[in-house]
Amino acid sequence: WRWVVWWCAGVVAACLFLCIPLFVLWSLGGAAAVVSYLFSLGVLSLAVLDLDHFKSVNDRDGHQAGDAVLRTTAATLEREARHGDLCARLGGDEFALLLPDCGLDDAHEVVARIVAAIARDLAPSGVTASAGVASFPTHRSVSELVAAADRALYTSKQRGRGRTSVDADHELDLREPVRLTPA
């Protein structure tokens, strides 16, 4: 059973990477079934990442340079994510990471490490990433989970970019966001 679900999750992730609109996936029911199954496993976290100062790369260096930044970001996400995590480009310069069997504290650490790796890999371009993380079962529906991760992303943007924040409904948000330095 689990291999079928992971295969379906892989299909959903592949469709997202191929820029098939998310509403098409939801209308087909595939993504909803996968997310429902993942919710049934217990804890699950979602991270939404947005590239900081991406527009300036396109404006200054052209769209080919912007495409290179997006490819580097995708490669970094794929390299740094845990085995079994699902990465997808949501559109433009926004990415998502679904972390099954990962609570908010652990997800915060994983995503902070990814944000630091993106900053390191994109240092020549001046682009960094901001991220927001939310967790199930704190948020009981897909829409609540996405909204909470998005709010946390905007908290990161407001606090200076290049960082990871968690949703305000969790006590972890009371501490300063983790800022990792390369080893």
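A short tour of the structure in this document, coming up. These numbers come from a predicted model, not from an experiment. (Residues numbered from 1 in each chain as written. Predicted model: local features only at pLDDT ≥ 70, side-chain atom pairs only at ≥ 80, totals over all residues. Heavy atoms only, no water.)

### Looking at the pattern of salt bridges
Two side chains of opposite charge can pair, provided their charged atoms sit close to one another.
(1) Moving on: Applying the stated criterion to the full structure yields nine salt bridges.
(2) Moving on: The residue D61 makes a salt bridge to R60 at a minimum N-O spacing of 3.1 Å.
(3) Moving on: The exposure class assigned to R60 is exposed, which follows from its relative accessible area of 51%.
(4) Moving on: With its nearest N and O atoms 3.1 Å apart, the salt bridge here joins R79 to E80.
(5) Moving on: Assessed through its relative accessible area of 47%, R79 is described here as partly exposed. (Salt bridge = Lys/Arg side-chain N within 4 Å of Asp/Glu carboxyl O. Buried < 20%, exposed > 50% of the residue type's maximum accessible area, 1.4 Å probe, protein only.)

### A short note on the environment of E80
(1) Moving on: For E80, the location among the structural elements is in helix α5 (residues 63-80).
(2) Moving on: Classification of E80 as buried rests on a relative accessible area of 16%.
(3) Moving on: Taking the C-alpha atoms as reference, E80 lies 8.3 Å from V110; in sequence the two are 30 residues apart.
(4) Moving on: Those residues in contact with E80, other than ones at most four positions away along the chain, are R113, I114, A117 and R120.
(5) Moving on: There is a polar contact of 2.9 Å between the side chain of E80 and the side chain of R113. (Helix = DSSP H or I, 4+ residues; strand = E, 2+ residues; numbered from the N terminus. Contact = heavy atoms within 4.5 Å. Polar contact = N/O pair within 3.5 Å; in protein donor to acceptor, adjacent residues only side chain to side chain.)

### Topic: the sheet that holds strand β3 (residues 94-100)
(1) Moving on: Strand order in this open sheet of five strands is β2-β3-β1-β4-β5, and the pairing throughout is mixed. Both outer strands of the open sheet, β2 (86-91) and β5 (164-166), are each paired with one neighbouring strand and no more. Mean inter-strand twist for the sheet, computed between neighbouring axes without regard to direction, equals 20°.
(2) Moving on: For strand β1 (residues 44-52) and strand β4 (residues 128-136), the ladder comprises nine bridges, and the chain directions are antiparallel. Within β4, the position partnered with L51 by the bridge is A129.
(3) Moving on: Here helix α6 (residues 104-121) sits on the sheet and contacts β1, β3, β4 and β5; the angle it forms with β4, its principal contact strand, is near 165°.
(4) Moving on: Sitting on the sheet, helix α7 (residues 142-158) touches β1, β3, β4 and β5, and the angle it makes with β4 is about 145°. (Pairing = 2+ DSSP bridges. Axes fitted to C-alpha atoms, helices over the stretch in contact; angles between N-to-C directions.)

### Focus on the nonpolar core
Nonpolar side chains tend toward joint burial in soluble globular proteins.
(1) Moving on: In terms of nonpolar packing, the biggest core is built from 27 residues, with L49, L51, L97, L99 and V111 touching the most fellow members.
(2) Moving on: Mapped by element, the contributors of at least two residues to this core are β1, α4 (54-61), α5, β3, α6 and β4.
(3) Moving on: Take this core: its biggest share by element is seven residues, from α6.
(4) Moving on: Leave out the neighbours within four places in its chain, and L97 touches S45, L46, A47, L49, A81, D85, L86, C87, V111 and I114.
(5) Moving on: Formed by 12 residues, the second largest nonpolar core is a distinct cluster that contains L46, V48, F136 and L153. (Core = buried A, V, L, I, M, F, W, Y, C linked by side-chain atoms within 4.5 Å.)

Keep in mind that these numbers describe shape and distance, not what the molecule does.
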